[in-house]
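Inside the fold
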Amino acid sequence: VVIGDGLGGRFPPLRTAVNDAVRLGEILKGEHGYDVHLLVEEVTRARLEAFFTGTLPGQVAEDDRVLLYFAGHGIALDDDDGPAGYLVPKDARPEDRDTFL
């Protein structure tokens, strides 16, 4: 799974995220034989959740392994058990933790 998305607006834009994700996907597929699922447009929380809970489970067998490359913003926030890491999808709002993944 290769995900790249340049966020605008509330988070600083990422200039190379999409290009990085596309190139890594090409390398993983062409040189290493990976099945690549590339998400680079409108990488919203809903789209990520649909992929992780709907699409991906139907394509991964018990002994398979998944490599996730996320070229985007991430954030660590304090939680009850210490810092918790989140992916920041395109539609995330900094003031609302529920918009992170």
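Summary of the structure given here. (Residues numbered from 1 in each chain as written. Predicted model: local features only at pLDDT ≥ 70, side-chain atom pairs only at ≥ 80, totals over all residues. Heavy atoms only, no water.)

Let us now look at the layout of surface pockets. A volume near 260 Å³ is recorded for the largest pocket. Around the largest pocket sit 13 residues that line it, and Asp35, His37, Val60, Arg65 and Val66 are the ones nearest its centre. A class-by-class count of the residues in the lining of the largest pocket yields eight nonpolar, two polar and three charged. (1 Å grid on protein atoms, 1.4 Å probe; cavity = no way out; pocket = protein on both sides within 12 Å on 5 of 7 lines; lining within 4 Å. Points joined across faces, edges and corners; volume = space filled by probe spheres on them. Nonpolar A, V, L, I, M, F, W, Y, C, P; charged D, E, K, R; others polar.)

According to the stated counting rule, one finds four salt bridges in the structure shown. Notably, a salt bridge pairs Glu49 with Arg45, separated by 2.8 Å at the nearest N-O pair. One end of the pair, Glu49, and the other, Arg45, are both in helix α2 (residues 45-55), four residues apart, so they sit about a helical turn from each other. A relative accessible area of 29% places Glu49 in the partly exposed class. Notably, a salt bridge pairs Glu95 with Arg93, separated by 3.6 Å at the nearest N-O pair. On the accessibility criterion, Arg93 (31% relative accessible area) is partly exposed. (Salt bridge = Lys/Arg side-chain N within 4 Å of Asp/Glu carboxyl O. Helix = DSSP H or I, 4+ residues; strand = E, 2+ residues; numbered from the N terminus. Buried < 20%, exposed > 50% of the residue type's maximum accessible area, 1.4 Å probe, protein only.)

Here we take up the nonpolar core. Counting six residues, the largest nonpolar core consists of Phe11, Ala84, Tyr86, Val88, Ala92 and Phe100. Counting five residues, the second-largest nonpolar core is a separate cluster that includes Leu39, Leu48, Phe51 and Leu56. (Core = buried A, V, L, I, M, F, W, Y, C linked by side-chain atoms within 4.5 Å.)

Turning our eyes to something else, we now look at the environment of Leu101. Position of Leu101 among the secondary structure elements: in the segment after β5 (82-88). For the pair Leu101 and Pro57, spaced 44 residues apart in sequence, the C-alpha to C-alpha distance is 18 Å. Residues contacting Leu101, with those up to four places away along its chain left out, are Arg45, Leu48, Glu49, Phe52, Tyr86, Leu87 and Pro89. (Contact = heavy atoms within 4.5 Å.)

Let us look at unusual backbone geometry. Of note, Glu42 is a non-glycine position whose phi angle comes to about 50°, a positive value. Inspection of the secondary structure assignment puts Glu42 in the loop between β2 (38-39) and α2.

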